[in-house]
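Close look at the chain arrangement
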Amino acid sequence: MKKILFILFSVVASSAFAQSLTNVQYTMGFGSGDLGDFISKPSFRGFTVDFRKLVQPNLGVGFELGWNTFYEAKNYDTYTIGTLSVSGKQYRYNNQFPALFAVDYYFQPEEKISPFVGLGTGTMYSIRYTDMGQYTLKQDAWHFLLRPEAGIIINANPNLSFAITGKYYYGFAAGDLDAQSYFALSFGFVFKN
Amino acid sequence: MRYRLTAMVAACSLSALLLGCYPDGPDYTEDLDIVLTNYEKTYDFKAKGTYARPDKIVKITGNLIGNDEPSYIPDKVAAPILAQIDKNMAALGWAKVELSETSSPDILLTPASWETTTIYYYYDYWYWWYGGYYPGWGYPSYPTYASSYSTGTLLMNLVDPAVVGADGNAVTQWTGAVNGILTGAYDAARVNKGVDQAFTQSPYLKTN
C-alpha cells in the first residue's frame, strides 16, 4: 500500500509542472453515507495534488489525485449474520483514491484573496478492510466519481499562494461496495508557474 | 524549475509524513481474541434438557486413523474449562448426565482444541467415545483456514444423537469456537471469558 502511494505521488509530482497551478494539500476527510456508517471517525491522514492549466485568467482545467485513509478501532462487540455470531474487536480501514478531471472558476484571480468553485468527475478506488481476530474481509470497488468543490486562494506572492478548499466526493455504488462519499477539507500551497 | 523542485519536495515530504502514520491496528494479543457461534435454525433446543460430555478435551493434531484414541490437553488445563462449560450449560437450564448403556442424553457436547497455523479437516475426534453407542456415525467436516500466527482454538459442539444427516453423519446443532493468538503462558481468564461469551451470545440454547 505504502509503495503504491509513494509511486503515485512521485509520478504526479514529477509530471505536473510546466503548467500554471499545482496545489499540494493536506486533506482531512469526514465520511458520510455508507462510509460514515462504517467508520464514524474523521480521517486525518490524507493528501491531494491538484493541477490546473489556466486556459483563461479565471478558468483552470486539469486533474486531481488524492488519498485519504479512514480508520476506526471498534469496541468489543457481537456481529450476527443469520445464525452466525462473531464477537471480538473490529479494526476497520477504508482507503479512498480519487482520480479525476476538474474545472475551476476563479472569481477574482488577480486579487489577494481569490475565491473559486469547481467541479470534477472521474473515478475513485475504494479499498476496505475489516479485521477481526486474525481474519480480514477485503472489499474494493472502482466508483464513478463526482466532486464539487469551493475554496479560496490567498495570493502571497507571484509564485506561491495558499489554498483552503472544501470538497465533496461521491462515488456511485460499484464492485463490492455501496456508494462511498466524504467531505474533505484541505490546506496547502499553490505553486504557480 | 525552482518552483517545480519545491513542489516536488513538498509533495514527497507530505506523503512520507502521512504514510508514516498509517494506522497500526490492535495493540495487545487479547485484542485479536474472537468467539464464533453458529447453530441449526430448525433445531428445538427448548425441547431438550440433558447433555453428556467426556471429561477430557481432545487435542486435535490431524485426522485419526480407525478408532484410535487421540491425545488430550492436560487435565489441569481441561478441568477448569470443562467446569466453565458446565456452569454455562447449567445457567441455560441443561442437566449433565453420564453417557452409558442406561442413560440417553438429549445431546452430546464434544470439546476439542488445537494449536496450529492451519486448521485442517477433521471429523472423527470423538468417535472413540460415542462410537460404541452410536455406531455408523462419521463426523461432519469443517472448512480449512490459514493464518500467519500460531493460534489456539477451543471448540465446543453440541450434537443430537437422534439427528443424523442424509450422508449418515451426525449433524452439529451448535458450534462455539474461542480463538486467539497463543502466548507463552496459558491464560485461564482469557479462555473462560471466551467460553462465557460463546454461551452469552447463544441465548437460543436456553431450555424450558
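Keep in mind the model is a prediction, meaning the values are calculated, not measured. (Residues numbered from 1 in each chain as written. Chains lettered and ligands numbered in written order. Predicted model: local features only at pLDDT ≥ 70, side-chain atom pairs only at ≥ 80, totals over all residues. Heavy atoms only, no water.)

1. Re the pairing of strand β2 (residues 45–56) of chain A
All names here are of chain A. Put simply, the rule is: In this description, strands pair whenever DSSP reports at least two bridges between them. Starting at the N terminus, helices and strands are each numbered in turn, a helix being any DSSP run of H or I of at least four residues and a strand any DSSP run of E of at least two.
Examined bridge by bridge, strand β1 (residues 21–32) and β2 share six bridges and lie antiparallel to one another. Among the inter-strand pairings, Q25 is bridged to a residue of β2, identified as T48. In the sheet, β2 pairs with strand β3 (residues 59–73) via 11 bridges, with the strands oriented antiparallel. Across the sheet, V49 pairs through a bridge with L65, a residue of β3. Between the end of β2 and the start of β3, which pair antiparallel, lie two residues.

2. A short note on the packing of helix α2 (residues 75–91) of chain B against helix α4 (residues 188–200) of chain B
All names here are of chain B. Stated formally: The angle between two axes is taken between their N-to-C directions and runs from 0 to 180 degrees, where each axis is a line fitted to C-alpha atoms and a helix contributes only its stretch in contact. Any angle between 65 and 115 degrees counts as roughly perpendicular, while under 35 counts as roughly parallel, over 145 as roughly antiparallel, and the rest as oblique. By convention, the crossing between two helices is left-handed when the near helix turns anticlockwise from the far helix through less than a right angle, and right-handed when the turn is clockwise. Contact between two residues is taken to exist if any of their heavy atoms lie within 4.5 Å; hydrogens are not considered.
Across the interface, α2 lies against α4 with an axial gap of 10 Å and an inter-helix angle of 25°. Here α4 runs roughly parallel to α2, going by the angle between their axes. For the element pair α2 and α4, the recorded crossing hand is right-handed. Only V191, N192, V195, D196 and F199 of α4 make contact with α2, whose side of the interface consists of P80, I81, Q84, I85, N88 and M89.

3. Examining the pattern of salt bridges
Residues and elements named next belong to chain A. Operational definition: What counts as a salt bridge is simple: a side-chain nitrogen of Lys or Arg found within 4 Å of a carboxyl oxygen of Asp or Glu. Residue burial is assigned from relative accessible area. The probe radius is 1.4 Å, only protein chains are included, and a residue is buried under 20% of its type maximum, exposed over 50%, and partly exposed in between.
Summed over all chains, the structure comprises 16 salt bridges over all chains. Between R52 and D50 there is a salt bridge whose closest N-O contact spans 2.9 Å. Neither residue differs from the other here; R52 and D50 are each classed as buried. Between K167 and E64 there is a salt bridge, with its nearest N and O atoms 3.2 Å apart. Taken together, the residues span a long stretch of sequence, with K167 in strand β9 (residues 160–171) and E64 in strand β3 at a distance of 103 residues. Each member of the pair, K167 as well as E64, is classed as buried. Overlapping salt bridges bring together D50, R52, E64, D104, R147, E149 and K167 as one network.

4. Quick word on the side chain of N155(A)
Residue and element names in this part refer to chain A. For clarity, the cut-off: Two N or O atoms form a polar contact when they lie within 3.5 Å of each other; inside protein one atom must be a possible hydrogen donor and the other a possible acceptor, and for residues adjacent in sequence the pair counts only when both atoms belong to side chains.
Along the polypeptide, N155 turns up in strand β8 (residues 135–157). Residue classification places N155 among the buried residues on the basis of a relative accessible area of 12%. Of the polar contacts made by the side chain of N155, one reaches the backbone oxygen of E111; its length is 2.6 Å. Among the polar contacts made by the side chain of N155, one reaches the side chain of S161 at a distance of 2.9 Å. When neighbours within four sequence positions are excluded, N155 is seen to be in contact with P109, E111, K112, S114, L160, S161 and K192.

5. Considering the confidence of the model for chain A
Short version of the rule: Within a predicted model, pLDDT stands for the predictor's per-residue confidence, ranging from 0 to 100.
Summarising the model, chain A shows a mean pLDDT of 88, and 90% of its residues fall at 70 or more. This model gives residues 4–18 of chain A a pLDDT under 50, and the stretch forms 29 contacts once residues within four places in sequence are excluded.

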